[in-house]
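The primary structure of each chain is shown beneath.
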Amino acid sequence: MANHQTFIDIRRDLHLIPEAGYQEFKTQAYLLDYIRSLGAADLSVKLWKTGIIVRIPGLNPGKTIGYRADIDGLPIPEETGLAFKSTHEGMMHACGHDFHMAIGLGVLTHFVRNRMNDNLVFIFQPAEEGPGGALPLLESGELAEYKLDYIFALHIAPDYKVGQIAIKEGKLFANTSELFIDIMGKSGHAAFPHLSHDTLVAMSHFMLQLQSIISRNVNPIKPAVLTIGKIDGGFKQNVIADRVRLEGTIRTLDAETMTLIKGRIESLLQGLEVSFNCTSAIDYGANYMQVYNHPEVTRAFMDWAKDLPGIQLIECEASMTGEDFGYLLERIPGFMFWLGVDSEHGLHHAKLNPDEGAIPVAIDTLVQYLSWLGR
Ligand SMILES: CC(=O)N[C@@H](CCC[C@H](N)C(=O)O)C(=O)O
């Protein structure tokens, strides 16, 4: 096993340079430099957009096992005050992808130096936070040649302690859809509202109407979330705004509820146009397939991990987070698990500060599990 401190240092290096989806040029170069520094001439290293796919050929392969790490950051100005805080203004690894990559490199390094009989494939995937990398990667056909028998991934979990792993069979994460709505009206002087069509007033009504969809239209026993995370509009305090944009996300645990919510949003928008003399446009951006852990493979992992020294295995509930890893799990048996990192501040928070003690825990667990699963 390589020195764990190496991968903590790598995590810090990556934390310095968070980049948006498909802009991960420095991240890709960093990962590539490290992988090449291992000096293993027989590795196959393929670039896909800003991502990387690395295959470690097995000694006598019977199957091929994949591990996927997402690599993009978020447009959040970091407030951790860490010595290695982001050097990219307005960007932060606030969803733990720096951990996911460092852990992936740790496991990769181990198996470059200690070959298994089976093949291993490491996917460093761009754009998980949007617009999505897993589906375009699958659709590109670039993954097909590896003939993956299994695929695994983890996600850091601020709510769990270091040493805890949380997982469940079946649905782990939600179906998601991004939501972008533009409301257009007629701008004018603040003193003459009767001559304008005020999009900010329309938007204010619409925000409250949106809240009624989950509470009044969705069957209460079906989990659903509709969050607006950003509003952008207006020029100045005394100008009536001719345009406002809402950005949000819809999450459900079943496809029918997603369709119902979208239908209601569209109906409410039609009503808004009539009520406020405005026009509107709607765009659902990136949609992610639910993360559905393969029941038998997951159960076998849980049975294997339950008595692992230093690990507390927790059977968790599904959560309304999204992950485009769901597209890979739709086609390839495997699972995702939550890795406890014990941070006071949660995912997508400017002060997220995961405990780096989770990095050795994850590397060791994955190395042992893959060695057990493979030959
Ligand atoms: C684990 C996690 O936080 N994933 C993101 C995935 C983003 C999906 C998409 N951009 C959306 O907002 O719908 C999440 O926000 O759950």
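Under an unreviewed UniProt entry, the chain has the name N-acetyldiaminopimelate deacetylase and belongs to Paenibacillus methanolicus. Quoted verbatim from the Pathway (unreviewed entry) heading of the UniProt record, the comment on the chain is "Amino-acid biosynthesis; L-lysine biosynthesis via DAP pathway; LL-2,6-diaminopimelate from (S)-tetrahydrodipicolinate (acetylase route): step 3/3." Its UniProt record gives the chain a comment under Catalytic activity (unreviewed entry), which states: "N-acetyl-(2S,6S)-2,6-diaminopimelate + H2O = (2S,6S)-2,6-diaminopimelate + acetate".

Novice: Can you tell me about the site of the ligand, naming the residues and giving the values?
Specialist: Close contacts around the ligand come from 13 residues, with G130, T176, T249, T321 and G322 the closest. Looking at side-chain class alone, the shell around the ligand contains four nonpolar, six polar and three charged residues. Domain assignment of the residues forming the shell around the ligand places at least three in each of domain 1 (4–170 + 292–373) and domain 2 (175–287).

Novice: Any chance you could break down helix α5 (residues 199–217) for me, citing the residues and the numbers?
Specialist: Helix length check: α5 (19 residues) gives 25 Å between terminal C-alpha atoms against 27 Å at 1.5 Å per residue, within 8%. Among the residues of α5, those classed as buried are T199, A202, M203, F206, L210 and I213.

Novice: Lay out the UniProt feature "binding site: Mn(2+)" (unreviewed entry) in the chain with the relevant residues and their values.
Specialist: Cross-referencing UniProt, the feature "binding site: Mn(2+)" (unreviewed entry) maps to C95, H97, E129, H155 and H348 in the present numbering. Taking the farthest pair of C-alpha atoms as the criterion, the annotated set spanning 254 residues converges on one region, since that pair is 12.9 Å apart. Relative to the helices and strands, H155 resides in strand β5 (residues 150–157). Residue class for H155 comes out buried when judged on the 25 C-beta atoms lying within 10 Å of it. Beyond its immediate sequence surroundings of up to four residues, H155 is in contact with G96, E323, M336, W338 and L339. By the element assignment, H348 lies in the loop between β17 (334–340) and α9 (358–373).

Novice: Now, about unusual backbone geometry: what can you tell me, with residues and values included?
Specialist: Glycine aside, residues mostly have negative phi, and peptide bonds are mostly found in the trans state. Backbone torsion omega between G130 and P131 reads 0°, so that peptide bond is classified as cis. Inspection of the secondary structure puts P131 in the loop between β4 (119–125) and α4 (134–140). A positive phi angle, near 60°, is found at A127, a position not held by glycine. One non-glycine residue with positive phi stands out, namely N277, at about 55°.

Novice: Could you give an account of the nonpolar core, with specific residues and numbers?
Specialist: Core analysis: the largest hydrophobic core is formed by 66 residues, its most contacted members being A102, I103, F337, L339 and A362. If one sorts the elements of this core by residue count, helix α3 (residues 97–113) sits on top with eight residues. With residues up to four places along the chain from it excluded, the contact list for A362 reads I103, L154 and L339. Counting 20 residues, the second largest nonpolar core, distinct from the first, contains A202, L210, A224 and V244.

Novice: Break down the packing of α3 against α9 for me, citing the residues and quoting the values.
Specialist: At a minimum axis separation of 9 Å, α3 and α9 run at an interaxial angle of 45°. Put simply, α3 runs oblique to α9. Where α3 crosses over α9, the two elements pack in a sense that is right-handed. Taking contact as the criterion, the partners of F99, A102, I103, G106, V107 and H110 in α3 are, on α9, I359, A362, I363, L366 and V367. Residue classes in the contact of α3 with α9 are distributed as nine nonpolar, two polar and no charged.

Cut-off values and rules
- Residues numbered from 1 in each chain as written.
- Predicted model: local features only at pLDDT ≥ 70, side-chain atom pairs only at ≥ 80, totals over all residues.
- UniProt positions renumbered as here; feature names shortened; annotations may be inferred.
- Near = placed C-beta within 6 Å.
- Nonpolar A, V, L, I, M, F, W, Y, C, P; charged D, E, K, R; others polar.
- Domains from an automatic or database assignment.
- Helix = DSSP H or I, 4+ residues; strand = E, 2+ residues; numbered from the N terminus.
- Expected span 1.5 Å × (residues − 1).
- Buried ≥ 20, exposed ≤ 12 C-beta atoms within 10 Å, placed from the backbone.
- Contact = placed C-beta atoms within 7 Å.
- Core = buried A, V, L, I, M, F, W, Y, C linked by C-beta atoms within 7 Å.
- Axes fitted to C-alpha atoms, helices over the stretch in contact; angles between N-to-C directions.
- Parallel < 35°, antiparallel > 145°, perpendicular 65-115°, else oblique.
- Left-handed = near helix turned anticlockwise from the far one by under 90°.

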